[in-house]
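Residue-level listing of the chains:
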Amino acid sequence: MKAVMLAGGEGTRLRPISAECPKPMVRLFDKPVMEYGVELLRTHGFNRIAVTLQTLPRMIMDHFGDGGDFGVLMRYNIEKEPLGTAGGVRDALDEPLDETVLVLSGDAVTDFDLRAALEWHNGKNADATLLLARRPNVLEYGLVMTDGGGRITRFVEKPSWGQVVTDTVNTGVYILSPKAQRLIPENTAFDFARDLFPLMMERGMGLYGYAAEGYWCDIGDSEAYLQCCRDILNGQARLRLPEQTPPPEGVTVNQPCYIAGNARFGRECRVGPYTVVGAGSVLGDGVSAEGGVLDGAALENGARCTGAFIGRGAVLKGRACVLEGAVVGDGAVIGEDAVVLEGARVWPRKEIQPGARVSGCVSRGAARRGALFDGSGIVQGLPHVDVTPDFCCKLGLAAAQSGEVSVSWRGGEAARLAALAVETGVCAGGGRALLTDAMTPPCAAFTGKIQRIPLNIFIRQDGRKLTLFFYDQNGLTPSRAEERKLESLVLRGDAALADPETLRPSRRVEDAAAQYAETAAEPPRWAVPGFAPVRLWAGGNGPDADLLRRALAAAGCVPGGAALYTDGLSLSAVLEDGREAGPERLLAILIRIETGCGANVLALPAGAPAFLDDLAARHGAAVLRPERDGGTARSLAADQPYMRDPTFMAARLAHGCRKLKKTLAELHKELPSFHLAENEVAVGTDRGAVMRELARQFPGAEFSEGLCARAGGGWVRVSPLPNRRALRVIAEGMSAELAGEICADFARKIEALDGRQK
């Protein structure tokens with residue numbers, strides 16, 4: 001049988017482990033990762049292997065040759081131009097395309113039963129089968145949803161936590177029939193996830209997902225690499241490791257460990273548990289190695305490695321210490337008594353001075369800290385702990401790739417310093433920093449749109465918390481793809497410093513607040529001529545209230561009547577009759593005004609109650625949501641800032657009251673009754689697994705920011721929280737009692753599903 005191995009990966013995120021070799025050639029227990037894949041294929045009868053190559057192809061070809069030493073026949077196809085995952089496979093296949101082919105990544109570790117998967121594929125008469133695995137943390141993977149028969153119903157590519165609706169992920173192991181192979185165009189960049197599989201779904205072809213039993217790990221970064229080593233030592237993967245030799249007497253070994261036969265030890269060494277001592281490693285007297293990988297490194301007397309990776313030929317001088325999650329590249333030297341701190345990166349052949357304390361990265365690359373964004377264009381944390389000046393400078397350096405970046409801030413000295421560090425990074429990266437006097441996040445978003453600035457960052461300090469808000473040139477939260485691009489540059493540390501001759505000075509943008517308030521107050525096309533007074537006023541103090549006050553005055557409002565309040569991100573009110581109206585009810589009033597004035601399509605912000613879709617439909621208007629409806633919705637949202645911006649919304653409400661000759665309280669009374677109830681449910685297992693089971697119980701649910709479904713005469717939205725093991729439940733009902741019942745019912749469902757997963 002025939003297989004294609006994808007071995008063109010550069011391994012950018014795995015650097016500096018992969019700094020000097022292609023990713024499939026990274027050593028794992030003294031063998032290249034790809035060698036385990038070749039052995040798996042041979043074991044299951046795939047004895048003809050075509051290999052797609054791109055990065056440093058000669059290293060792979062020299063190691064494997066024609067495959068004879070590994071019991072297979074191998075041939076190679078070097079891509080001159082990147083052809084994508086599917087395009088590379090098509091280029092490696094021989095005509096005629098008349099047999100089923102298995103596709104396997106050369107940089108993943110698995111012990112899947114490939115023959116069982118092939119039998120399942122044939123039993124389904126499938127055109128293509130994706131092998132799926134379950135993962136607790138799914139943010140770095142593509143999610144795949146299937147129906148009860150295994151047919152694929154939906155893909156979610158590298159989601160935010162709000163988009164996690166299952167825990168089954170695409171492993172990149174595919175079985176392709178000749179029919180599927182013929183859909184891939186020749187000599188054309190074509191991707192499985194982006195091009196082939198959507199095309200097959202569009203044509204109604206047999207696209208299936210097979211939940212494979214066994215171990216699978218995509219070694220995407222150093223954290224995944226170290227975890228894979230721990231998993232193998234735990235016996236989770238059935239792999240054939242090189243032979244080991246017991247260490248000499250006097251060495252304390254706490255199993256499980258892997259110790260290569262030619263590793264050398266001094267006196268009173270301590271090794272393990274979960275330590276890999278690779279071939280050629282030398283441990284001096286009193287060395288301690290616990291929970292890490294020594295890939296042919298030398299640790300001199302008294303040196304210590306704890307949960308870190310030390311590359312081939314690297315040297316830890318006397319009493320040097322490398323801590324959890326750190327990586328020391330091949331040939332690097334860590335001086336006496338130096339400490340490489342948690343998560344630090346030392347690139348190959350760099351030297352750390354004696355006694356130094358190293359954090360971040362030396363040369364290129366940086367420690368990954370998980371996803372930056374929370375799924376809504378926000379980064380937040382404690383100043384000088386989570387959001388450090390160093391981090392902000394790296395963020396600015398990455399943002400400089402956009403060309404121009406606006407920076408504004410509000411709050412205390414921590415916000416000012418963070419803004420200064422971002423500005424420094426932008427300028428150092430060759431970008432132009434535009435410093436604005438915007439005092440609120442929506443004002444910063446507006447300024448970026450007016451000035452056509454590709455990326456806009458507003459930094460706000462609230463006590464001991466810093467929040468960074470990001471907006472694109474349309475004044476919208478960046479798409480998840482844009483977030484991930486920025487995350488990748490920041491977390492890898494790969495954004496380069498600019499040539500000093502090309503550096504550009506910062507520029508100031510003045511009067512942003514005045515222009516923002518005046519534009520927000522401009523009358524819509526349906527506004528009545530003249531400015532009959534509307535009794536609305538802005539309550540509260542601070543910059544948010546000041547901008548609201550200016551916009552209402554410019555819109556012809558006079559003190560009295562309803563009082564509007566804003567925290568800068570949302571709008572609430574105390575109505576003329578004394579009742580309170582939260583952001584959802586004011587948005588409902590605005591929908592009533594807009595539809596009453598001729599609007600037939602509206603763009604609602606993420607997380608807006610599902611009830612509002614029904615309300616708009618009742619008045620003859622359709623609703624688009626950017627997270628659900630993509631580019632069309634984002635374009636419409638850019639033209640309708642009043643649907644999300646509190647200052648624009650307040651002025652729009654004022655014009656609507658004047659047009660309809662009604663107060664906010666009167667418009668509020670016309671709304672159908674709806675109430676919200678909210679709860680957070682802690683889960684002891686995996687959020688994705690619970691979401692998958694919920695999705696199965698509600699096959700008609702909508703998936704955008706979590707799961708949204710009709711339930712018990714109302715609506716419910718369930719979404720994973722990004723920073724802790726919990727799910728947020730928001731229920732909607734015609735009464736407070738009904739909303740509470742729906743919310744409580746779903747909390748019980750989640751608790752039951754969580755208990756079932758344990």
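Look up: the structure comes first, before these words.
Residues numbered from 1 in each chain as written. Predicted model: local features only at pLDDT ≥ 70, side-chain atom pairs only at ≥ 80, totals over all residues. Heavy atoms only, no water.

1. A short note on the sheet that holds strand E42 (residues 571–574)
Thinking step 1. Read across the open sheet, the 4 strands follow the order E40-E41-E42-E43; overall the sheet is mixed. One side of each edge strand has no neighbouring strand; the edge strands of this open sheet are strand E40 (534–538) and strand E43 (580–581).
Thinking step 2. Judged from the 2 bridges that link them, E42 and E43 form a sheet pairing that is antiparallel. Within E43, the residue paired with valine 574 across the bridge is glutamate 580. (Pairing = 2+ DSSP bridges. Helix = DSSP H or I, 4+ residues; strand = E, 2+ residues; numbered from the N terminus.)

2. Comments concerning the environment of alanine 314
Thinking step 1. Tracing the chain through its elements places alanine 314 in the loop between strand E24 (309–310) and strand E25 (315–316).
Thinking step 2. Residue alanine 314 is classed as buried on the basis of its relative accessible area, which comes to 0%.
Thinking step 3. For alanine 314, the contacting residues outside a window of four places in its chain are Ala297, Ala298, Val328, Gly329, Gly331 and Ala332. (Buried < 20%, exposed > 50% of the residue type's maximum accessible area, 1.4 Å probe, protein only. Contact = heavy atoms within 4.5 Å.)

3. Quick word on the side chain of glutamate 35
Thinking step 1. Tracing the chain through its elements places glutamate 35 in helix H1 (residues 33–43).
Thinking step 2. With no salt bridge to any partner, buried glutamate 35 finds its closest opposite charge in lysine 31, at an N-O distance of 4.1 Å.
Thinking step 3. Aside from chain neighbours lying at most four places away, what touches glutamate 35 is His63, Phe64 and Phe70. (Lys, Arg positive; Asp, Glu negative; His and termini not counted. Salt bridge = Lys/Arg side-chain N within 4 Å of Asp/Glu carboxyl O.)

4. With respect to the packing of aromatic side chains
Thinking step 1. Applying the stated criterion to the full structure yields 15 aromatic pairs.
Thinking step 2. With a centroid separation of 6.0 Å and 80 degrees between ring planes, the pair formed by tryptophan 120 and tyrosine 208 is classed as edge-to-face. With tryptophan 120 in helix H4 (residues 114–124) and tyrosine 208 in strand E12 (residues 207–211), this pair connects stretches of sequence that are 88 residues apart.
Thinking step 3. Given the relative accessible area of 23%, tryptophan 120 is considered partly exposed.
Thinking step 4. Through pairs of rings, three or more aromatic residues link up here, namely Phe155, Tyr174, Phe192 and Phe197.
Thinking step 5. Just above the ring of phenylalanine 674 sits the side chain of arginine 585; from NZ or CZ to the centre is 4.7 Å.
Thinking step 6. Across the ring face of phenylalanine 746, the terminal group of lysine 749 is positioned such that the distance to the ring centre comes to 5.9 Å. (Phe/Tyr/Trp six-rings, centres within 6.5 Å; stacked < 30°, edge-to-face > 60°. Lys NZ or Arg CZ within 6 Å of the ring centre and 35° of its normal.)

5. Side note on the pairing of strand E6 (residues 101–105)
The side chains of a regular strand alternate, first on one face of the sheet and then on the other.
Thinking step 1. Taken across its 5 residues, E6 has 5 buried, putting it largely inside the fold.
Thinking step 2. With burial as the criterion, each face of E6 is covered, one bearing Val101, Val103 and Ser105 and the other bearing Leu102 and Leu104.
Thinking step 3. Bridge count between E6 and strand E11 (residues 168–176): 3 bridges; the pairing is antiparallel. Following the sheet pairing, leucine 102 is matched in E11 by isoleucine 175.

6. Regarding the sheet that holds strand E49 (residues 714–720)
Thinking step 1. Read from one edge of the open sheet, 5 strands run E46-E50-E49-E48-E47, paired in antiparallel fashion. Of all strands in the sheet, those bounded by a partner on one side alone are strand E46 (675–682) and strand E47 (702–704). Between one strand and the next, the sheet's axes are offset by a mean angle of 20 degrees, whatever the strand orientation. (Axes fitted to C-alpha atoms, helices over the stretch in contact; angles between N-to-C directions.)

7. Details of helix H10 (residues 441–451)
Thinking step 1. Counting buried residues along H10, 8 of its 11 residues qualify, which places the element largely inside the surrounding structure.
Thinking step 2. Positive backbone phi, approximately 55 degrees, marks arginine 452, located one or two places after H10.

8. Notes on the pattern of salt bridges
Close approach of charged atoms allows side chains of opposite charge to pair.
Thinking step 1. As enumerated under the stated definition, the model contains 39 salt bridges in all.
Thinking step 2. Across the pair aspartate 62 and arginine 58 runs a salt bridge, and its minimum N-O distance is 3.5 Å. Highlighted residues: aspartate 62 and arginine 58, both in helix H2 (residues 57–64), separated by 4 residues, approximately one helical turn.
Thinking step 3. In this structure, glutamate 678 and arginine 728 form a salt bridge, with 3.1 Å as the shortest nitrogen-oxygen distance.

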